[in-house]
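Examining the three-dimensional arrangement
One-letter residues, chain by chain:
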Amino acid sequence: MVHRCRLDVHGCLPEEAGQAYRRDGVIVIEDFVAAEACDALRQRALKLVAEVAPGAPGTVFSTRDQSHAKDRYFEESANRIGAFFEEGAFDAEGRLCVPLDRAINKLGHAMHDLDPVFDDFSRGARLQAVADGIGLVSPQLVQSMYIFKQPGIGGEVMCHQDSTFLYTEPQTVTGFWFAIEDAHRGNGCLGGIPGEHGKGLREVYLRQPDGKLAMQPRQPGLQWDMSRLEWLEVKKGTLIVFHGAFPHLSEPNRSAQSRHAYTLHAISGAADYPAGNWIQRPDSLGMPFRGFV
Ligand code: FE2
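The paragraphs below set out a description of the structure included in this document. Being a predicted model, the structure only gives us computed values, none of them experimental.

Before going further, it helps to spend a moment on the nonpolar core. Of all hydrophobic cores here, the largest spans 46 residues; its most connected members are Ile29, Tyr146, Phe176, Phe178 and Tyr262. Considering each element in turn, this core owes the most residues, six residues, to helix H2 (residues 35-52). When near neighbours in sequence (up to four residues on either side) are disregarded, Ile29 contacts Cys5, Arg6, Leu7, Leu13, Val130, Thr238, Leu239 and Val241.

Put into structure tokens, the structure is as follows:
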């Protein structure tokens with residue numbers, strides 16, 4: 001069973017949670033965020049949708065192939081705030097068939113550096129204490145995503161490892177997954193396979209010499225033991241922390257309830273962060289990666 005804990009009275013991660021993290025590649029920290037803070041982030045995310053989504057590719061019906069515009073928009077969102085649609089938000093003719101605030105799959109990928117409410121939520125002594133407890137040295141926040149998992153249309157996420165998409169040498173990518181609403185089997189909670197992070201990485205998505213991003217196999221035959229999959233049903237305010245090689249997934253949300261979650265990805269500032277990673281922060285941008293404090 002995936003280890004469940006709370007921060008102790010001193011605001012530290014209990015010793016056994018650190019051990020469980022090393023063993024399983026995942027821990028669940030209950031009551032990590034106050035309900036009011038979750039509600040404030042939810043409200044802010046909906047405000048950002050109203051601001052950003054009307055300009056995102058896909059909002060206006062077009063007979064032209066929009067894949068180039070979508071690819072460019074995605075890549076530019078590395079250091080911006082972009083809105084991305086659920087596939088199920090469109091009818092057969094490509095027209096939006098649900099209201100805008102029910103159509104967005106996620107916001108990404110730099111809210112933690114660009115939006116004051118997200119910035120505040122993404123940092124602080126409690127998060128630093130978790131990083132200390134799991135041995136993440138000099139954490140640097142690289143990416144944020146607000147995931148809506150919309151009622152009825154929130155799509156399935158296949159089993160994957162987050163370090164496929166953000167890569168360091170050695171592997172230090174760590175996911176911080178905050179339940180902004182209750183997450184359960186009915187609305188598409190997270191599932192994962194504890195211990196399987198020890199098998200390493202299956203594939204990496206890196207920029208190639210021609211400038212395009214592409215998937216490269218690392219261990220093409222790597223199989224995960226799906227019979228040991230555990231569903232991580234959690235209450236609003238719970239933080240799930242997982243290793244970059246922890247295989248995880250979520251089912252479609254077929255319920256009438258949304259399942260909002262916020263994720264942060266941190267790396268160790270002591271690790272090498274290759275130039276092939278899709279998110280880059282050149283000095284000219286004036287927005288260097290920052291930590292939890
Ligand atoms: Fe993931």
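Still to come is the rest of the account.
Our next topic: the sheet that holds strand E5 (residues 139-147). Judged by pairing direction, the sheet is mixed, and its eight strands sit side by side in the order E1-E2-E12-E7-E14-E5-E4-E3 without closing on themselves. A strand with exactly one partner marks an edge of an open sheet, and here the two such strands are strand E1 (4-5) and strand E3 (81-85).

Turning to the sheet that holds strand E13 (residues 248-250), a few remarks are in order. Pairing within the open sheet is antiparallel, and its four strands lie in the order E6-E13-E8-E11. A strand with exactly one partner marks an edge of an open sheet, and here the two such strands are strand E6 (157-160) and strand E11 (230-232). The sheet shows a mean angle of 25 degrees between the axes of neighbouring strands, direction not considered. Inspection of the sheet shows strand E8 (residues 190-192) paired to E13 by three bridges, in the antiparallel sense. Bridging across to E13, Gly192 finds its partner in His248.

Moving on, we come to the pattern of salt bridges. Taken as a whole and assessed by the stated rule, the structure comprises 21 salt bridges. Across the pair Arg123 and Asp113 runs a salt bridge whose closest N-O atoms are separated by 2.7 Å. Within this pair, whereas Arg123 is found in the loop between helix H5 (116-121) and helix H6 (125-134), its partner Asp113 is found in helix H4 (residues 111-114), the two being separated by ten residues in sequence. By relative accessible area, which is 15% here, Arg123 ends up buried. Between Arg290 and Asp113 there is a salt bridge, and its shortest N-O distance comes to 3.1 Å. Here Arg290 is found in the segment after strand E14 (261-268), whereas its partner Asp113 is found in helix H4, with 177 residues between them in sequence. A relative accessible area of 13% means that Asp113 is categorised as buried. Residues joined in a network through salt bridges with shared partners are Asp113, Asp119, Arg123, Arg281 and Arg290.

To continue, consider H6. Buried within H6 we find Leu127, Gln128, Ala129, Val130, Ala131 and Ile134. The elements touched by buried residues of H6 are helix H1 (15-24), strand E2 (26-29), H5, E5, strand E7 (174-179) and strand E12 (239-243). Of the residues one or two after H6, Gly135 is the one with positive phi, at around 80 degrees.

Sequence separation between Asp113 and Phe32 is 81 residues, and the spatial gap between their C-alpha atoms is 21 Å. The residues contacting Asp113, other than those within four sequence positions of it, are Arg123, Arg281, Met287 and Arg290.

A few words now on the side chain of Thr174. Considering the arrangement of structural elements, one finds Thr174 in strand E7. The class of Thr174 is buried, set by a relative accessible area of 3%. A distance of 2.9 Å separates a polar atom in the side chain of Thr174 from the backbone oxygen of Thr172. Among all residues touching Thr174, those that are not within four sequence positions of it are Tyr21, Ile134, Leu136, Val241, Phe242, Leu264, His265 and Ala266.

Turning next to the pairing of E3. Counting buried residues along E3, four of its five residues qualify, which places the element largely inside the surrounding structure. Sheet topology places E3 next to strand E4 (residues 104-109); five bridges connect them, and they run antiparallel. If you follow Gly82 over to E4, its bridge partner there is Gly108.

Here the focus is the side chain of Asn277. Tracing the chain through its elements places Asn277 in the segment after E14. Judged by its relative accessible area of 0%, Asn277 is buried. Engagement of the side chain of Asn277 in a polar contact is seen with the backbone oxygen of Pro274, the distance being 3.1 Å. Leaving out residues up to four positions away in the same chain, Asn277 has contacts with Phe165, Leu166, Tyr167 and Leu206.

For the rest of this paragraph, the subject is the packing of aromatic side chains. On inspection of all chains with the given rule, the structure shows 15 aromatic pairs. Centroid distance Phe242 to Phe246: 5.6 Å. Interplanar angle 50 degrees. Geometry classified as tilted. Relative accessible area serves as the criterion here: at 2%, Phe242 is assigned to the buried category. On the numbers, 5.6 Å between centres and 90 degrees between planes, the contact of Tyr273 with Phe289 is edge-to-face. Of the two residues, Tyr273 is situated in the segment after E14 and Phe289 in the segment after E14; the sequence distance between them amounts to 16 residues. Each member of the pair, Tyr273 together with Phe289, is buried. Through a chain of ring-to-ring contacts, three or more aromatic side chains come together here, namely Phe32, Phe118, Phe121, Tyr146, Phe148, Phe178 and Tyr262. In this structure, Lys106 packs its charged tip against the face of Phe84, placed 5.7 Å from the ring centre. One Lys or Arg, Arg126, reaches over the ring of Phe32 and ends 4.8 Å from the middle of that ring.

The rules behind the values
- Residues numbered from 1 in each chain as written.
- Predicted model: local features only at pLDDT ≥ 70, side-chain atom pairs only at ≥ 80, totals over all residues.
- Heavy atoms only, no water.
- Core = buried A, V, L, I, M, F, W, Y, C linked by side-chain atoms within 4.5 Å.
- Buried < 20%, exposed > 50% of the residue type's maximum accessible area, 1.4 Å probe, protein only.
- Helix = DSSP H or I, 4+ residues; strand = E, 2+ residues; numbered from the N terminus.
- Contact = heavy atoms within 4.5 Å.
- Pairing = 2+ DSSP bridges.
- Axes fitted to C-alpha atoms, helices over the stretch in contact; angles between N-to-C directions.
- Salt bridge = Lys/Arg side-chain N within 4 Å of Asp/Glu carboxyl O.
- Polar contact = N/O pair within 3.5 Å; in protein donor to acceptor, adjacent residues only side chain to side chain.
- Phe/Tyr/Trp six-rings, centres within 6.5 Å; stacked < 30°, edge-to-face > 60°.
- Lys NZ or Arg CZ within 6 Å of the ring centre and 35° of its normal.

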